[in-house]
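Each chain, written out:
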Amino acid sequence: MSHDQSPNVPAERDRREAVREKAQQVKAKQTRWRIARRSLIGIGAVAVIAVGAVGVSLALNSREARSQALPDAANEDGFVVTSASAVEDPLADQTVDGSAASMSAQAAPTAEPSAAATPEPTGTAAPVDIRVYVDYMSTEAREFQTANAGQLSKWVTDKAATLTYYPVAMLTSKSNGTKYSLRAAGAAACVATHSSDRFFAFNHELLTNQPAVDSDGYSDQQLADMAQGAGVSDIATVRECIEDETYTAWAKSATDRAIKGLPGTDGQALTATPTVLVNGTEYVGNMDDPKEFAQFVLTVDSNAYYSTATPTPSATPSATPVG
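A brief look at the structure comes next. (Residues numbered from 1 in each chain as written. Predicted model: local features only at pLDDT ≥ 70, side-chain atom pairs only at ≥ 80, totals over all residues. Heavy atoms only, no water.)

**Focus on a negative patch on the surface**
Phase 1 of the analysis: Taken together, the side chains of Glu-140, Glu-143, Asp-288 and Glu-292 present a region of like negative charge at the surface.
Phase 2 of the analysis: In this fold, Glu-143 is placed in helix α3 (residues 139-157).
Phase 3 of the analysis: The exposure class of Glu-143 is partly exposed, given its relative accessible area of 30%. (Patch = residues over 30% accessible without salt bridge, like charges linked within 9 Å, V, L, I, M, F, W, Y side chains within 5 Å. Areas by Shrake-Rupley, 256 points an atom, 1.4 Å probe, with all protein chains shown as cover. Salt bridge = Lys/Arg side-chain N within 4 Å of Asp/Glu carboxyl O. Lys, Arg positive; Asp, Glu negative; His and termini not counted. Charge placed at Lys NZ, Arg CZ, Asp CG, Glu CD. Helix = DSSP H or I, 4+ residues; strand = E, 2+ residues; numbered from the N terminus. Buried < 20%, exposed > 50% of the residue type's maximum accessible area, 1.4 Å probe, protein only.)

**A word on the state of the cysteines**
Phase 1 of the analysis: For the structure on display, the rule yields one disulfide.
Phase 2 of the analysis: The disulfide bridge from Cys-190 ends at Cys-241, spanning 2.0 Å between sulfur atoms. Taking the torsion about the S-S bond as the criterion, the Cys-190 to Cys-241 disulfide, at about -80 degrees, is left-handed. On the criterion of sequence distance, the pair formed by Cys-190 in helix α4 (residues 180-194) and Cys-241 in helix α7 (residues 235-243) is long-range, its members being 51 residues apart.
Phase 3 of the analysis: Look at Cys-190 and you get buried, because its relative accessible area is 1%. (Disulfide = S-S within 2.5 Å.)

**Concerning the packing of aromatic side chains**
When we look at a pair of aromatic rings, we describe it by the centre distance and by the angle of the planes.
Phase 1 of the analysis: One pass over the full model with this rule turns up 10 aromatic pairs.
Phase 2 of the analysis: Between the aromatic rings of Tyr-165 and Phe-199, the centroid separation amounts to 6.3 Å while the plane-to-plane angle is 65 degrees, which identifies the pairing as edge-to-face. With a gap of 34 residues between them, Tyr-165 in strand β3 (residues 161-167) and Phe-199 in helix α5 (residues 199-208) connect regions that are remote in the sequence.
Phase 3 of the analysis: Given a relative accessible area of 1%, Phe-199 falls into the buried group.
Phase 4 of the analysis: Three or more aromatic residues joined by ring pairs form one cluster here, namely Phe-79, Tyr-165, Phe-199, Phe-200 and Trp-250. (Phe/Tyr/Trp six-rings, centres within 6.5 Å; stacked < 30°, edge-to-face > 60°.)

**Some thoughts on the packing of α4 against α7**
Phase 1 of the analysis: Here α4 crosses α7 at 155 degrees, and the two axes come no closer than 9 Å. With respect to their mutual orientation, α4 and α7 come out roughly antiparallel. Between α4 and α7 the crossing geometry is right-handed. For the pair α4 and α7, the contacting residues are Ala-187, Cys-190, Val-191 and His-194 in the first and Thr-237, Val-238, Cys-241 and Ile-242 in the second. (Axes fitted to C-alpha atoms, helices over the stretch in contact; angles between N-to-C directions. Parallel < 35°, antiparallel > 145°, perpendicular 65-115°, else oblique. Left-handed = near helix turned anticlockwise from the far one by under 90°. Contact = heavy atoms within 4.5 Å.)

Treat this as a map of the structure, not an account of what it does.
See the structure below:
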């Protein structure tokens, strides 16, 4: 009787097919996992890029917004003093009469004028227009402000003069790379825009307590602290404006415009600070001599008065009858 020793071929083939099918399933599963993993990585990368793009876009938009920010309070790049707080004038006793009467008009000559007489008004003239271009790191600008702040304040209060300051940044390179002149001019624009009644006080503080040339100057935070010390009303808004350097780009553009030409002049350009214009005429006297400056203002105002005053016709004498 014979015995069949051959293997069970169909069973073996079935096992091999089952193993192959299992391997294919595992491979397919691994392939799907790799595809999913690559997809997740791709999605993550796109998300990161998108977030980065948004961040860059926000930064660029913020920078662009600052570069386009213009101070609403500026008039031809200057800020008119609307409220001049009284400041101490240590040389007040040396100045000529700075009253509204003397500033607003000049006296008509009398039959026997006295050389030492104080002029008396004969009418009403428009307030004298005083414009001051200042760099907050300029030593002479500090001297002018220190010497003349008292009488300037009085003239504005008496409505004998209009006073406009033009912050410029001609000494930006003189602060060890911190661009102090530029930042200080921008800070002045912040105060003028958001707390105009305290601009004169802040401007006075920046000029009279200015840092030395070739020093770092004050930080933005210190400038904001100085604005708070000057009594600004909305300190949160002013501080944000200063520390964000909202108006520094404007300050640079305003300086460039002034160097090309000053408004209200016959093509005169800004070459140094301070530049002081009285009714469009530049003051070239001593910046630290309030008496000399006051006399200059009175002279310019006198010329303006006499050039606009309407002469009063005199009565024609009647003939004396003969007989």
